[in-house]
Amino acid sequence: MRKTIFTICMATFLFSCNQNNKRITTLENQIKAIEKELNDTYKPGFGITMSNIQLHHSKLWFAGLNQNWELAEFEIHEIKERFDDIEKYQEDKKETEMITMIKPFLDSLDKTIEEKDINKFKINYGSLTNTCNRCHKVNNHEFIEIKIPDFKSISNQIFKK
Ligand code: HEC
């Protein structure tokens, strides 16, 4: 989209050299229309993406507990992708920069899933959860406290392999 705007700007410049005012006005209107379209594009918000991460965080626990490693692998990748989405769509927010703090914990949990190690999984899942809360705390959202789930809130999916 940026490339398109750049191309249109270049085109605008060249036309202005030719003093082709009518064409300039048309192009200006086109730019305005593109800008409006860009502003109106749906961008998933921070909070809504976090709610989705919460869901996958919960599913990940029950996948791991049931040693359904294929599902666990899927769930952790969903979490990683959602953090990538925040970096992409909420790049202007200061909190977004802090996503780097959770990446090593996601990677080490991912590794224990690959190793199919239930004990390490439990420990690393705890560390990941603590990091969720650490970020909430430094961003004045300490009232959003994540914990290891007690029971499955999702009843319409089988976690046991
Ligand atoms: C980079 C910092 C950061 C990390 C890491 C982080 N969060 Fe968040 N989280 C936030 C911020 C900031 C908000 C408040 C968002 C808002 O203003 O809507 C939030 C909000 C939430 C919410 C509330 C969403 C709602 O609208 O009800 C949940 C649930 C949540 N986070 C879960 C998690 C989980 C689970 C993890 C770990 C896997 C995690 N978060 C990791 C920064 C973070």
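Up top is the structure.
What you see is a predicted model, and the numbers here were worked out from it, not measured in a lab. (Residues numbered from 1 in each chain as written. Predicted model: local features only at pLDDT ≥ 70, side-chain atom pairs only at ≥ 80, totals over all residues. Heavy atoms only, no water.)

*Asks:* Outline the coordination of the iron atom of the ligand, supporting the account with residue identities and numerical values.
*Replies:* Coordination of the iron atom of the ligand by the protein involves M50 (SD) and H136 (NE2), with metal-donor separations of 2.1 to 2.4 Å. Given six donor atoms and angles of 83 to 178° at the metal, the environment of the iron atom of the ligand is assigned as octahedral. With M50 in helix 3 (residues 46–65) and H136 in helix 6 (residues 118–138), this pair connects stretches of sequence that are 86 residues apart. Judged by relative accessible area, which is 24%, M50 ranks as partly exposed. Looking at H136, the relative accessible area reads 14%, which means it is buried. (Donors = N, O, S within 2.8 Å, 3.2 Å for Na, K, Ca; no water. Tetrahedral: all angles 85-135°; square planar, octahedral: opposite > 155°, others 65-115°. Helix = DSSP H or I, 4+ residues; strand = E, 2+ residues; numbered from the N terminus. Buried < 20%, exposed > 50% of the residue type's maximum accessible area, 1.4 Å probe, protein only.)

*Asks:* Just give me the short version of the nonpolar core, but keep the residues and values in it.
*Replies:* Core analysis: the biggest nonpolar cluster contains 26 residues, and L60, F83, I102, L106, L109, I113 and F121 have the highest contact counts within it. Mapped onto this core, the elements with two or more residues apiece are helix 3, helix 4 (69–89), helix 5 (103–115) and helix 6. Among the elements that make up this core, the one with the highest residue count is helix 4 (seven residues). Apart from the residues within four sequence positions on either side, I102 is in contact with F83, L128, T131 and C132. (Core = buried A, V, L, I, M, F, W, Y, C linked by side-chain atoms within 4.5 Å. Contact = heavy atoms within 4.5 Å.)

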